Amino acid sequence: MTSPILTIDTPAGPVRATAGHRDADSVVFELGGAMRGSLHVTGTTDPHRWDQFTAVRACLGPVNAYAPDEDLPRLARGRTGYHGSLTLYRDDTGRPEVSVYPMSSADDRPPSEKTAAVLTAVLRGCAEHVAQRADLPAILEASRQRDTTGLLRFLTGSVAHHQAEAVRLEREARSALPARKAAEAAWRTAARWLAASPHPVLLLMLADRTGSLTQEIRGLRWLAPACDQAAAEHRERARRAQAEVDSLRSQQRRRPRDRRPSLDGAA
């Protein structure tokens, strides 16, 4: 079992973080030394796999909501509290990675570079502590139960959005073909008229300039493949989101004892 008291070196001096009580889905740290206040570390999803609860997130203040300004962690010699969080996860090779959510003061101003370094060091130190705890699987499981309903709602909406965008773009790609053929026919007609009776207006229609038939044809030739590619990307995003929905629903049907999530592998 890791020690419940951490000493974290920061640019402002050492910070003592004491792991106190554990709620079902988080560990509370009380801070002393160069920082004071508290922070929570909870389970969360891998940033690249929203159905896999294999990461931990350290939050300044509470887990999923902003605390009153007076309850936010702050530097020992400062009066300003800070919001922010850091997620610790592992990449495809198993190496630890961090993703830092933008930090801000209670009055929504970004912290100085030194303060940001202090906050990041403390968040990472506490996250690494929880990632090594023997009860990490229980924290991750409780976090999954807490967040699955909201994730399902979001991901289901994402599937519908990407599918609708794919349909719209495919329709736009189809309509580009007859529009291009019509523009090309108009260009040929204008070219015949110009050959028979030169006129400045016909020259403008055929010139390579904004609003001309030449520019319209060039844009329509580009539009169809661009729309097809964008539609395919939306189809793939919808597929991935649906796979995560299916995975989360499958996890809901499994008993907690069947799950052994950890930062060392997928859930």
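If you're wondering where the values come from, they're calculated on a predicted model, not measured in any experiment. (Residues numbered from 1 in each chain as written. Predicted model: local features only at pLDDT ≥ 70, side-chain atom pairs only at ≥ 80, totals over all residues. Heavy atoms only, no water.)

1. Thoughts on the overall build of the protein chain
Next, step 1: Across its full length, the protein chain carries four helices and eight strands.
Next, step 2: Ordered by position from the N terminus, the helices and strands of the protein chain form the series β-β-β-β-β-β-β-β-α-α-α-α.
Next, step 3: The proportion of buried residues among the 267 residues of the protein chain is 43%.
Next, step 4: When contacts within the protein chain are restricted to residue pairs at least 6 apart in sequence, those whose partners lie at least 24 apart make up 58%.
Next, step 5: Accessible surface, the protein chain as shown: approximately 14,800 Å² in total, 53% of it carbon and sulfur. (Helix = DSSP H or I, 4+ residues; strand = E, 2+ residues; numbered from the N terminus. Buried < 20%, exposed > 50% of the residue type's maximum accessible area, 1.4 Å probe, protein only. Contact = heavy atoms within 4.5 Å. Areas by Shrake-Rupley, 256 points an atom, 1.4 Å probe, with all protein chains shown as cover.)

2. Topic: the pattern of salt bridges
Next, step 1: Going through the model one piece at a time under the given rule, you end up with 13 salt bridges.
Next, step 2: Of the charged contacts in the structure, one is a salt bridge between Glu236 and Arg239, with a shortest N-O distance of 2.6 Å. Of the two residues, Glu236 and Arg239 are both situated in helix 4 (residues 213-253); the distance of three residues between them amounts to about one turn of the helix.
Next, step 3: Overall, the relative accessible area of 31% leaves Glu236 in the partly exposed class. (Salt bridge = Lys/Arg side-chain N within 4 Å of Asp/Glu carboxyl O.)

3. Overview of the side chain of Asp25
Next, step 1: As for its placement among the helices and strands, Asp25 is situated in the loop between strand 2 (15-22) and strand 3 (26-33).
Next, step 2: Note on Asp25: relative accessible area 16%, which makes it buried.
Next, step 3: One polar contact links Asp25 to Arg146, side chain to side chain, over a distance of 2.8 Å.
Next, step 4: Residue contacts for Asp25: discarding those within four places in its chain leaves Val41, Thr42, Gly43, Ile139, Ala142, Ser143 and Arg146. (Polar contact = N/O pair within 3.5 Å; in protein donor to acceptor, adjacent residues only side chain to side chain.)

4. Observations regarding the confidence of the model for the protein chain
Next, step 1: Averaged over the protein chain, the pLDDT score is 85; the fraction of residues at 70 or greater is 87%.
Next, step 2: Here helix 3 (residues 200-206) is the element of the protein chain with the lowest mean pLDDT, 66, and helix 1 (residues 113-131) is the one with the highest, 95.
Next, step 3: A low-confidence stretch, residues 258-262 stays under pLDDT 50, and its non-local contacts, those more than four residues away or across chains, total 13 contacts. (pLDDT = per-residue confidence, 0-100.)

5. Observations regarding helix 1
Next, step 1: When the terminal C-alpha atoms of helix 1 are compared, their 27 Å separation across 19 residues agrees well with the 27 Å that a helix rising 1.5 Å per residue should span.
Next, step 2: Along helix 1, the residues that are buried comprise Thr115, Val118, Leu119, Val122, Leu123, Gly125, Cys126, Ala127, His129, Val130 and Ala131. (Expected span 1.5 Å × (residues − 1).)

6. Quick word on the pairing of strand 7 (residues 82-90)
For a regular strand, side chains alternate in direction, first toward one face of the sheet and then toward the other.
Next, step 1: For strand 7, the tally of buried residues reaches eight of nine residues, placing the bulk of the element in the interior.
Next, step 2: In terms of strand pairing, strand 5 (residues 55-60) meets strand 7 through four bridges, oriented antiparallel. When the sheet's bridge partners are listed, Val56 is paired in strand 7 with Leu88.
Next, step 3: Remark: five residues form the turn of the hairpin made by strand 7 and strand 8 (residues 96-105), two consecutive strands paired antiparallel; Gly94 in that turn has positive phi of roughly 90°. (Pairing = 2+ DSSP bridges.)

7. Thoughts on the side chain of Ser104
Next, step 1: Assignment of secondary structure puts Ser104 in strand 8.
Next, step 2: Residue Ser104 is classed as buried on the basis of its relative accessible area of 14%.
Next, step 3: Ignoring any residue separated from it by four or fewer positions in sequence, one finds Ser104 in contact with Gly81, Tyr82, His83, Arg109, Pro110 and Pro111.

8. Points about the environment of Gly43
Next, step 1: Among the secondary structure elements, Gly43 is positioned in strand 4 (residues 35-44).
Next, step 2: Here the alpha-carbon distance between Gly43 and Thr87, two residues 44 residues apart in the chain, equals 9.1 Å.
Next, step 3: Not counting the four nearest positions on each side in its chain, Gly43 is found in contact with Asp25, Ala55, Val56, Arg57, Ile139, Leu140, Ser143 and Arg146.

9. Some points on the pairing of strand 5
Next, step 1: Counted residue by residue, strand 5 has six buried out of six residues, so it is predominantly covered.
Next, step 2: The side-chain alternation of strand 5 yields two buried faces, one formed by Ala55, Arg57 and Cys59 and the other by Val56, Ala58 and Leu60.
Next, step 3: Summarising the sheet, strand 4 and strand 5 pair through five bridges and their orientation is antiparallel. Paired with Val41 across the bridge in strand 5 is Ala58.

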